[in-house]
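Analysis of the macromolecular model
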Amino acid sequence: MTSPTFPSPAWLVGCGNMAGAMVDGWRAAGIDLSPVLAIRPSGTPVDGVRTVTALPAGESPAFVMLGFKPQKLDQVVPGLAPRLGPATILVSLLAGVEAATLRQRFPTVRAIVRAMPNLPVAQRRGVIALYTGDRDSEALATVEALMTALGVAPVVATEAEFSAIGAVAGSGPAYVARFVEALAAGGEGIGLTPDLAAQVALETLIGTAAMAAATGLPMSELARRVASPKGTTEAGLAILDAPDGLKPLIARMLAAAIARGRELASAARG
Ligand SMILES: NC(=O)c1ccc[n+]([C@@H]2O[C@H](COP(=O)([O-])OP(=O)(O)OC[C@H]3O[C@@H](n4cnc5c(N)ncnc54)[C@H](OP(=O)(O)O)[C@@H]3O)[C@@H](O)[C@H]2O)c1
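Residues numbered from 1 in each chain as written. Predicted model: local features only at pLDDT ≥ 70, side-chain atom pairs only at ≥ 80, totals over all residues. Heavy atoms only, no water.

**As for the overall build of the chain**
- On a plain count of helices and strands, the chain comes out with ten helices and nine strands.
- Structurally, the chain occupies a C-alpha span of about 70 × 35 × 35 Å along its principal axes.
- Considering the chain as a whole, with its 270 residues, one finds that 39% of them fall into the buried category.
- Taking as baseline every contact in the chain between residues at least 6 positions apart, the subset at least 24 positions apart corresponds to 62%.
- For the chain, the exposed area adds up to about 14600 Å²; of that, 60% sits on carbon and sulfur atoms. (Helix = DSSP H or I, 4+ residues; strand = E, 2+ residues; numbered from the N terminus. Buried < 20%, exposed > 50% of the residue type's maximum accessible area, 1.4 Å probe, protein only. Contact = heavy atoms within 4.5 Å. Areas by Shrake-Rupley, 256 points an atom, 1.4 Å probe, with all protein chains shown as cover.)

What follows is the structure in structure tokens.
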């Protein structure tokens, strides 16, 4: 497969944790970053791409990726929108900001694609949901190829699905991190030193993920293989599987994230 290429010039407007992780992944994938310019007020250098503090003079970008916080939209639009044109493919990472809102704010651009990545894009093991309300299949294919270099990039048909993937996968590394922290704290609670508990919990996560990836087993089967009937694991799973156990807790967690996304969407609509 040939390496995907960035339309030139390509601007990353805001390049902090998330866009920076994507750059790391693209660099690891050997993608040519010479057309890419990172624009961030602090000017903090982004490894592998030219970094500037303000939008450059000259031609409109062929590709622009919005990587600032959704709350900054009002501040960024007046300077950016007039610089974009009918050749610009706009990719937005802004959680909660709907395609129709983006179209209103950036009326002249060729196509708008929302992308909801997660941080493991840096390791090229990301999940990047993609959604477009436009019918520009070539623009979507360009974005899809770049995102597929960073992991799995499902294109979804509705923004509701897009938000759902954001809640599960975009935020997911934070949730998984909390689970591992809780497992470590639990280990401390039953007598391990903090360092050993943290190491054991983390290695359990990594080992389980490696096993899942290597075998392709469904999670239910994976758990079944650990838990022998009437054994210790089964006793532990009974607590997680109780009516007030893990599933309702996670349903509440996701509902809270989705509700916050709705608030952000409504704020961005103005
Ligand atoms: N973090 C995640 O896991 C994740 C997951 C999915 C989606 N997202 C989305 O990704 C976006 C960025 O999140 P983040 O976690 O990467 O935030 P972040 O680390 O705070 O990065 C924000 C970036 O925006 C820049 N910025 C601030 N004001 C700006 C302005 N007026 N014009 C241009 N750039 C400006 C910052 O510049 P300086 O570096 O100079 O301060 C920084 O580079 C958000 O919209 C979020 O919804 C994040």
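On we go from here.
**Considering the site of the ligand**
- Among the 22 residues in the neighbourhood of the ligand, the closest are listed as N17, M18, R40, S42 and F68.
- Separating an oxygen atom of the ligand from a backbone N or O atom of G16 is a distance of 3.1 Å.
- The separation between an oxygen atom of the ligand and a polar main-chain atom of N17 is 2.9 Å.
- Protein contact buries 79% of the 890 Å² of open area that the ligand shows by itself.
- Residue assignment for the shell around the ligand shows that the elements contributing at least two residues are helix 1 (17–28) and helix 2 (73–80).
- Of the residues belonging to the shell around the ligand, the class tally is 13 nonpolar, six polar and three charged. (Near = heavy atom within 4 Å. Polar contact = N/O pair within 3.5 Å; in protein donor to acceptor, adjacent residues only side chain to side chain. Nonpolar A, V, L, I, M, F, W, Y, C, P; charged D, E, K, R; others polar.)

**Focus on the packing of helix 5 (residues 159–170) against helix 10 (residues 246–269)**
- In the contact formed by helix 5 and helix 10, the axes pass within 9 Å of each other and the chain directions differ by 125°. The angle between the axes of helix 5 and helix 10 places the two elements in the oblique class. Judged by the sense of rotation from one axis to the other, the crossing of helix 5 with helix 10 is right-handed. Contact with helix 5, carried on its side by S163, A164, A167 and V168, involves L254, A257 and I258 of helix 10 and no other residues of that element. (Axes fitted to C-alpha atoms, helices over the stretch in contact; angles between N-to-C directions. Parallel < 35°, antiparallel > 145°, perpendicular 65-115°, else oblique. Left-handed = near helix turned anticlockwise from the far one by under 90°.)

**Observations regarding the domain arrangement of the chain**
- Domain assignment breaks the chain into domain 1 (10–166) and domain 2 (172–265).
- Taken over C-alpha atoms, the centre of domain 1 sits 32 Å from the centre of domain 2.
- With both sides pooled, the region where domain 1 packs onto domain 2 buries about 540 Å², and carbon together with sulfur makes up 65% of that total.
- Along the contact surface separating domain 1 from domain 2 lie zero salt bridges. (Domains from an automatic or database assignment. Buried area = accessible area lost by both parts, 1.4 Å probe. Salt bridge = Lys/Arg side-chain N within 4 Å of Asp/Glu carboxyl O.)

**Brief notes about the pattern of salt bridges**
- Across all of its chains, the model carries ten salt bridges by this definition.
- Its salt-bridge partner being R105, residue D74 comes within 2.8 Å of it at the nearest N-O pair. In this pair, D74 is assigned in helix 2 and R105 in helix 3 (residues 99–105), connecting sequence segments 31 residues apart.
- Its relative accessible area of 52% is what places D74 among the exposed residues.
- R105 sits in the buried class, given a relative accessible area of 17%.
- A salt bridge links R260 to E263; the nearest nitrogen and oxygen atoms lie 2.8 Å apart.

**Observations regarding the sheet that holds strand 1 (residues 10–13)**
- With respect to topology, seven strands assemble into an open sheet ordered 3-2-1-4-5-6-8, the strand pairing being mixed. Strands with a single pairing partner mark the edges of an open sheet, and in this sheet they are strand 3 (50–52) and strand 8 (129–132). Across the sheet, the mean angle from the axis of one strand to that of its neighbour is 20°, orientation sign disregarded.
- Of the pairings in the sheet, the one linking strand 1 to strand 4 (residues 63–66) comprises four bridges and is parallel in character. In the strand pairing of strand 4, L12 is matched with M65.
- Strands in contact with helix 4 (residues 137–148) are strand 4, strand 5 (89–92), strand 6 (111–116) and strand 8; relative to strand 5, the strand with the most contacts, it is inclined by about 45°. (Pairing = 2+ DSSP bridges.)

**Brief notes about the pairing of strand 4**
- What you see with strand 4 is no split at all: F63 and M65 on one side and V64 and L66 on the other are buried throughout.
- Here four bridges tie strand 4 to strand 5, and the two strands are oriented parallel to one another. Residue pairing for strand 5: L66 is matched across the bridge by S92.
- Once the chain exits strand 4 it traverses helix 2 before rejoining the sheet at strand 5, and the crossover so formed is right-handed. (Right-handed = clockwise from strand over helix to strand, strands pointing away.)

**A short note on helix 6 (residues 172–189)**
- Between its terminal C-alpha atoms helix 6 stretches 25 Å, which fits the 26 Å expected from 18 residues at 1.5 Å a residue.
- For helix 6, every residue scored as buried is listed here: G172, V180, A184 and G187. Down the axis of helix 6, the buried set is contained in an arc of 115°. They therefore lie on one face. Away from the buried face of helix 6 by more than 90 degrees, exposed residues R178 and G189 are located.
- Phi for G191, located one or two positions after helix 6, is positive at around 115°. (Expected span 1.5 Å × (residues − 1). Arc of directions from axis to C-beta.)

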